[in-house]
Structure formats: C-alpha cells, structure tokens
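Per-entry structural report
For reference, the chains in residue letters:
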Amino acid sequence: MNTQSFERQLQQIDPPPPDSAARLRARRAALEEFDRVKALRGQRHSWRAPRVWLGGFAAAGVAIVGASLYWLMPASERVVAFRPVVPVQARTSARPPAVPDQSPPPPAEVTAAKQRPAPRLPPRRNVAAPAAPSAAGAPIAEISARASNPTAPQQPPTSAITAPAAVAAVPPAPPRGDEDELAEAQVTGTRILAPPGTSAPTEAGVVPAGGPPRGSNFIGNTIANLRGLDPTFGSRTLTLSDGRRVVSASNQADVNSAPYGAAQPQANDKFEQFAINPVKRTADEPVSTFSIDVDTASYSFVRRQLNEGAPPPAGAVRTEEMINYFDYDWPAADSRELPFKPTVTVSDSPWGTGKKLVHIGIKGYELPARQRPDVNLVLLLDVSGSMNEPDKLPLAQRSMAMLLDNLKPTDTVGIAVYAGAAGEVLPPTPARDRDVILRALYSLRPGGSTAGAAGIRLAYDMAARSFRKEGVNRILLATDGDFNVGISDARQLQHFVEQQRERGIFLSVLGFGEDNYRDDIAQALAQNGNGVAAYIDTLNEAHKVLVEQAGSQLFTIAKDVKLQVEFNPATVAEYRLVGYETRALAREDFNNDKVDAGDVGAGHTVTAIYEITPVDSAARLVDGLRYGGEEKKQAPDAGNADEYGYLKIRYKLPGSDTSQLIEQPIAVRTGVPRAVRRDVAFSTAVAGFAQLLQGGKYTGPLTYDDVYRQAKDALGEDPRGYRAEFLQLVRRAQGMLGQR
Amino acid sequence: MDNEQLTGLIRRAQGGDRSGFAELVDLHYDAIHRFAWKWCAHRADAEDIAQQACIKLARSLAQYRFQAPFSSWLYRLVVSCAQDWQRAQRRHLHAALPEDEPDHHAGRPEDAIHLTQLLEQLETLGTGMRETALLVHAEGLSHAEAGEILGVSESTISWRIHTMRRLMNKREQVASTL
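Basis of the calculations
- Residues numbered from 1 in each chain as written.
- Chains lettered and ligands numbered in written order.
- Predicted model: local features only at pLDDT ≥ 70, side-chain atom pairs only at ≥ 80, totals over all residues.
- Helix = DSSP H or I, 4+ residues; strand = E, 2+ residues; numbered from the N terminus.
- Buried ≥ 20, exposed ≤ 12 C-beta atoms within 10 Å, placed from the backbone.
- Contact = placed C-beta atoms within 7 Å.
- Pairing = 2+ DSSP bridges.
- Axes fitted to C-alpha atoms, helices over the stretch in contact; angles between N-to-C directions.
- pLDDT = per-residue confidence, 0-100.
- Parallel < 35°, antiparallel > 145°, perpendicular 65-115°, else oblique.
- Left-handed = near helix turned anticlockwise from the far one by under 90°.
- Nonpolar A, V, L, I, M, F, W, Y, C, P; charged D, E, K, R; others polar.
- Expected span 1.5 Å × (residues − 1).
- Core = buried A, V, L, I, M, F, W, Y, C linked by C-beta atoms within 7 Å.

**Some remarks on the overall build of chain A**
Secondary structure assignment for chain A yields 22 helices and 16 strands. Sorting the 740 residues of chain A into buried and exposed places 56% on the buried side. Excluding contacts between residues fewer than 6 apart, the proportion of contacts in chain A whose partners are at least 24 apart in sequence is 80%.

Set out below in structure tokens:
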C-alpha cells in the first residue's frame, strides 16, 4: 500500500492538460445545445402546452433509455448527450408548430386521424436494444401515443401483430388522387410493407389468430416470423429499375444469417444482401467495371452495432463504404474541368502472401469558397411517431442546425415534414435568418405514421419553387428509413426521384436510429437522386457529414463516375475487387452515358482496392484448365509485360450529359509513394477489418490483432480522432467475435 | 477577469448571446476538465464528463441567479455530471474489452491506476465521500464551500472528512498486519 496519506495523494493529483480536440468537441456540443435551448425559448408557449403527468413519465423513460445508451457507447462516441427529451415528448394537445410568418400546416396527428380512420399504429419501439430498456419503455410509449392521439381507437401495443382481420383492413387511400399509386398497406406495428392484397393471405396464415399475446418475447418472435414470411422480403425493394442490383435468391433468406453463431439482437433494419466479390481469372474475365460509391452509411451503422454489443449483420458491412468513411490524402486535382486525378499504388497484400493490392484513390477537386454555387436546400424530416427517440428526430434537428453554419447568407433553406400527412413548415428562407430557421426546425414534434411519398413530393415542389438555375438544388431527407409505401411502389418512388434528378433537383438521405432503419431504400433513393446516403448515429457523425464534408454533400463536381480496369493476363493471373459488390456494372455500361453511376462531391475521397495475384505467384486460387489452351493466352505479349493493367475512369461534369475519359496504365513497378504510404496502409487495414466482419473468406490468416497493429501504425495525425476510434472498434469486434 | 466582467459575460450569455456563451465555455473548460479528470483519472471519461458539463451549462445557465459564486454553481453542475457518469458506469459494468487502453496522457499510467483504486476505495466508505474528498482535498475548498456545492451542511462535510480519515487509517492498519 502507499505510504502517503490519501489526503496527500489527492492533493497531488495532477491532471493532464485537456486535449484540444476534446475541448473543441465539447465547445461545439455546448454551443449547439445553446442554440437549441435558445430556439426553444423563442417559442416558449409551446413548451407550456398542457402536459399529463404520464407524458412527463414518458419523457423520463426515454431520458433514462437515452442515458443508458449514452454511457454504453465507447468514450469517443459519446457526443450525443442524453438530453431531457421533454421537447419531443408526446403531448395532450396537438398544436401546430409555432412558425413565424407562415400559416402552419394542420397538426400532423389530427390530420392523420382524419385522413385515415383505419387502425392507428402506435409508435414502434426499440425492440432489441442490448441495453434492454425497451421492456420498460414500451408501455410508456404506448401510453404517450394514446395521449397524443385522443381520437385514435384503442389498439394493442406495438408488440401485437394485428389479427388477420386487421391485416386485411387496408386503409383507404389518402384523398389526393395522385397518391393512389403509393397506396399503402399497414400490416403490423412493425410496418411491414406490401402491396395491398398480395401479402395478406400469407400473413394471415402465420400470425396466430385470436388476441395478440403480449410481452417482449412476443415482439422478438413476431419479427422473426415476419422475416420468415417472405424470403425475398428486404431484397425486392432493392432492385433498381434497370435491374442491376438484383440479388441472388440463395443469398437473401435471412438478414440475420450472419457468419457468427452468437444470437443477434437485431431488429428491423434492412440491408441489401450481396455475395462477396469472388476471385476472377484474368484469362476468363479481364475487365472489371463498377460505379463509384461515396456513401459511408455502412461504417457508422457497423460502428453503432459493435458499440452496442451486437455483431453487425453481414449485409450491413459494405467494405467500400467502410474504407471511404475515412479521408485520405490522395493528391487533389487542381481544376474544375479535370475534377480529379487517380492515384494508383501497388503494395503487398497483408493477408495473402504472393498477392498484391492495387489501390486506386481519387480526391475530388476542392471548391474554393468563392466558387461555391448558390444553394437551395429543402430539409425533409420524417416526424412520424417512430422518430420519437433521442437518436432520431432530436438528433436530426441538431444535425440540420449544424448544417446552417456552412451556408451563405443568401442560400435558402426550406423545411417540410411528413408523418400521417405532409406539411410545409418553413417556406424557402434565406440562411441569414438563422433564428427563424432554427425556431421552425426545433418546433417539430414526432407523431403519427409515415407517408414518405407525399412528403417527398411536397419537398420537390418547394425546391422547384425556389429553384436556382445555376445553383445546387437539393433535398435532404432525414428519416429512420421507413417509407410507408408498398414494395412495388418503392420502385415508383425511385422513378419519381430519377425524374426529378433530370430536372436538376437532387436528393440525399440521412439515416437515423435503428431497429427500423431501411438502409436498402435509403441507398436506392440516394443513388437515384444523385445524392449521398449517410447514417448518423451521433452528433459527431453529423458534424463530420454535414459540416466537415458539407462541400462534398452539396456540391457535385463529377457525375456518373465509373471505373474500369482491364487486367493484363500476361502479368495478372487472378484479381478480386474488394467491396463495391452492390455497385458492379456490366462491361458495356462503362461507355454508355445513359447508365447512372455514383457522383463525387467537392473534396470527396474515394478509394478502391483490387487484390491481384501476379502470374508468377504461387498463391493462385483457381486452377488453370487442362483443355482450353489458355496457356497460350498467358504468354507474355511483347510490350505490356510491365503493366498489371489499364485503368479507365469515366465521369461527367455537372450539367453535362457527355462523359469524359481519364486513362492510365498500372505499371508493374508501381510502388507506394511516401506521401500516401500511411493512407494506403490505413485503408488496407480497414479493408481487412471489413472482410473479417464479413466472415474472412479471402483474408486467410489475418486476425483482428493484425488489423489493429496495421491501423495503429498508420494513424498519422488523425486530428479528429476518427482513426483512433477505428482502433477501438477493432478491439470491440475482437472481444465480441473471438480471436480470429 | 474580475468578478464584474464575469457577471457581465454570464448575463450576456443568459440573454442569448452566442459568442458570450462560447467565451464562458472557453474560460471554464480547463477547470471543468481538471475536476472531471480528478474524478475518474481517465482521459476519455474525463472528456465525456467535461463535455456533458458544457452541454448542461448551456441548458441551465438561465437558472443561475447570482446568489452563490459562479464557481460554486459550476462545481455543483460538474459534480452532478460526474455522478451521472458514475451511476451509468455502475449500471453497465459491461464486459471488459480485450485490452483497456491505459491512459497515455497521464504523467505515469500507474499513477492513474492508483488514483482510480483510491477513489473507488473512498466510494465504498459511504455516500458523498468521493465528492467530499475531491472537493476538499484535491480542489482545496473549505468545508463550507464544499457543503454549499454538495447541498449539505458544513458540519456534514467535516464529519465526512473525519470519518474518511478514520476508516482509511483503519484499513491501512489492517493491510499492514496481513
């Protein structure tokens, strides 16, 4: 024991000086809260709305949930404060948000009730959070839902699947004729979507007849049942209209068929399932084509899952999005006309002896402030009851508020919401009226069910009203991903988004919350809307996506960016594209300017990695054919034996419909320039990690420890701590998924 | 900054002046962080507590009525954030990670570990002991000030200080006879 008295020891504590990044984070969070409180005070009367004590109770419940979740997160995550959720709680009086100089829309709850007398859905609850606060939370939520909807008929709690009769009761289509195509079938509290008539019989067959049993067990079973109901469920919506994202049937049986034995407390999050890119023989298929992917949603989602103690479902791990989450210092292009130049490096593969990794890195041109076009932004927020969680609407509001800091005073911001009905909250307003915008934003309250399509239409109308011909016209949709439209209609929704894209209005999707996160729809919509799908789980993440990367979110510098690599059979025996499974393109699509592909925003970095097996390596996976004489083909052709392959990038400048081409050979003796050595190593570590999470099919002896070491050696400056956070995540995954 | 200037700054922030509030945070962050670190002897946790305290400051600054010195009021706020953190920690003693990174930022990692043990020991001595010990010994406040911050009487603080010394001495005696 220590010889000093404890008093003396306490006197001698000498804390280290605070970290400047942490100080900045705290300052930012505090200022943001300051804004929020101020905006709320501006509409004080709405604070004072009569409140049943049950409502207060509900708020306390949610606050406790928030608090528990908050401290469950690892240190670097805990930026989203658990805050009293009082402003978001359900209220007895459904009153319109207080919005100045604007006749407010009718209160969402009331309208919803009028339009749709059919079964009301109580808000969905957090079914499977590992912190297990939901057991206590559910009844409270139900009470508050009733309190906020006095006119609603008494319904069983969310946990109850409505009996077959109720299933068949398709609510009447909303009165507006143009919404017929988006008619919806509300099947259960979990809002499984199906075209009217098609799925009801199936449902009825499985759902136990009679009164719905209660209790949390039933919730789990119910969800499992619903998953089992329709094996193609979750993948059907994912197929784009051109059919490129079709998913093989063997793959899609169960979202949760992850490679880990552990029981998975998964909820209703939906991910497109995909098969991991296989190794290809250069002799068979020398050309590899794919669309760029600038999304990062996968990483944030995986992070959240791991931090909550649940292995991410396999479909949630998209290697390229994990890699692209981080910024890399690939040399940037220096003009708007040639918006990027590729950086190509070749290094040894850390998980395959004899194999090599080819990195293709791109950094989009950074638009100087004076070149920034005008912005016409419409924020479209899902305010349905399901958004009533600390990490949903409140986080969305705070995220959007941060975005305002990056706008020019003359840029405009409009706000629209959708729940049971869509409503315009704030007409396009110049960003200089910061207080007006903030007040409108913070006046939003969750309640009612979701009708995504009507909201999107309204938002597009608003954006069209304040259209900037030379500027950026974009809708920013914040949702927990649930569009309450039938499956076949989701395709129509996509089509609609595509049409609007042609008119020059783009769409980005910000995903919030879990359990119901429809990653698949969010991805599909953003891709069709020339936008980005990001998943925001903390205020830190919001800052990264909406402030640090505001340029890349808002300003597209190149459209429809496609990559094609032709490998040289004389030097490369096999190759494998790491990630980009959902972005594969047909070879002939490369030169077809009609085929849509990913867009690159100002300052965006995008990285693709190929693993190649040189011809002289013993590491080849695929045996050659005895018959077929491909040996002849592999005879080195004079002249190109010093090239691994040839890289082509096609892109369109914004506003142009004709693509440009960038070409460059990949020389065998390409190394890794010192300037990008760290970034190559770090992105390789992330790629390794993602592949391990997917089951490590191609990563041989690679372990989480290897990933950890490699990433740690490549931390670099890491001013915002994202890479350090990655290290924590690797440790977490290791703790959870074993020592492999 | 003298008292008058500070009062002016607080009033500005209370009136909704963003830059005034930012200045207030900048002015006090170091002190907040110092105390938070003393509370948990861990870099990341201290940053968390400090950040919570800053957020809470934004939320409750309007309630500061200039009756107690601002520093006492702020202490109370930070202590309550630290207590919240403590409670959450206790609730979720979740599975230990394969490797808990030692606090590289502390002068010597063993110091931090030792301090953690000491604080946990104090914690076991009774409610409010950790708070009291930190405020009085580590922060050098008077019993009256500590009482004001913790919302207990000065004599309670004195009693706690005395009790802690007694119990800790006893433990040490027991330890040395083993």
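**Notes on the environment of G695 of chain A**
Take G695 of chain A: it is sitting in the loop between α20 (677-693) and α21 (704-713). Taking the C-alpha atoms as reference points, G695 of chain A and I276 of chain A, separated by 419 residues in sequence, lie 10.0 Å from one another.

**Here we look at the sheet that holds strand β10 (residues 533-536) of chain A**
Residue and element names in this part refer to chain A. If you trace the six strands from one edge of the open sheet to the other, you get β7-β6-β5-β8-β9-β10, paired in mixed fashion. The open sheet has two free edges, formed respectively by β7 (422-430) and β10, since each of these has just one partner strand. Put simply, the sheet's adjacent strands are angled 20° from each other on average, direction ignored. Bridging between strand β6 (residues 412-418) and β7 involves six bridges; their strand directions are antiparallel. Considered in β7, the bridge of T412 is made with P430. Strands in contact with helix α12 (residues 393-404) are β5 (375-382), β6, β8 (472-479), β9 (506-512) and β10; relative to β9, the strand with the most contacts, it is inclined by about 135°.

**Comments concerning the confidence of the model for chain A**
When pLDDT is averaged along chain A, the result is 70; 64% of the residues meet or exceed 70. Considering only residues more than four positions removed or in separate chains, one finds that residues 45-266 of chain A, a stretch of pLDDT under 50, has 390 contacts.

**As for the environment of A138 of chain B**
The topology assignment puts A138 of chain B in helix α6 (residues 129-138). Between the C-alpha atom of A138 of chain B and that of W39 of chain B, which follows or precedes it by 99 residues, the distance is 9.6 Å. Among residues more than four places away in sequence, those in contact with A138 of chain B are L10, Q11 and I13 of chain A together with K38 of chain B.

**Concerning the pairing of strand β12 (residues 572-578) of chain A**
All names here are of chain A. In terms of burial, β12 is a largely internal element, six of the seven residues being buried. Of the pairings in the sheet, the one linking strand β1 (residues 280-281) to β12 comprises two bridges and is antiparallel in character. The partner of K280 across the bridge, within β12, is Y575. Here six bridges tie β12 to strand β14 (residues 605-614), and the two strands are oriented antiparallel to one another. Across the sheet, E574 pairs through a bridge with T613, a residue of β14.

**Overview of the packing of α12 of chain A against helix α13 (residues 434-442) of chain A**
Residue and element names in this part refer to chain A. Interaxial distance between α12 and α13 falls to 10 Å at its minimum, and their mutual angle equals 170°. Taken together, α12 and α13 sit at an angle that is classed as roughly antiparallel. Along this stretch, α12 crosses α13, giving a crossing that reads as right-handed. On α13, the residues touching Q397, M400, A401 and L404 of α12 are R434, I437, L438, L441 and Y442. Of the residues in the contact of α12 with α13, the class split is seven nonpolar, one polar and one charged.

**A word on helix α3 (residues 43-60) of chain B**
Counted at 1.5 Å a residue, the expected span for α3 of chain B with its 18 residues is 26 Å, and the 25 Å between its end C-alpha atoms agrees. Burial analysis of α3 of chain B places 15 of its 18 residues in the buried class, which makes it a mostly covered element.

**With respect to the nonpolar core**
Counting 195 residues, the largest nonpolar core has L380 of chain A together with A36, C54 and V78 of chain B as the members making the most contacts within it. In terms of residue count, helix α2 (residues 18-40) of chain B provides more of this core than any other element does, ten residues in total.

**Quick look at the packing of helix α2 (residues 20-41) of chain A against α3 of chain B**
Remark: α2 of chain A packs on α3 of chain B, axes separated minimally by 8 Å, with the N-to-C direction vectors making an angle of 25°. Between α2 of chain A and α3 of chain B, the interaxial angle falls into the category roughly parallel. At the point where α2 of chain A passes α3 of chain B, the crossing takes the right-handed sense. In contact with A22, R25, A26, R27, A29, A30, E33, F34 and V37 of chain A of α2 of chain A, α3 of chain B contributes E47, A50, Q51, C54, I55, L57, A58 and R59 of chain B. Looking at the contact of α2 of chain A with α3 of chain B residue by residue, the classes come out as eleven nonpolar, one polar and five charged.

**Quick word on the sheet that holds β1 of chain A**
All names here are of chain A. Taken in spatial order, the five strands make up an open sheet running β1-β12-β14-β4-β3, and their pairing is antiparallel. Either end of the sheet is taken by a strand with one partner, and the two such strands are β1 and β3 (343-348). For β3 and strand β4 (residues 356-363), the ladder comprises six bridges, and the chain directions are antiparallel. Looking across to β4, one finds that S347 is bridged to L357.

**Quick notes on α20 of chain A**
Residue and element names in this part refer to chain A. For α20, which comprises 17 residues, the first-to-last C-alpha distance of 25 Å matches the rise-based estimate of 24 Å (1.5 Å per residue) to within 8%. Burial of α20 is extensive: 14 of the 17 residues sit out of reach of the surface. Immediately beyond the C-terminal end of α20, within one or two residues, lies G695, with a positive phi of roughly 120°.

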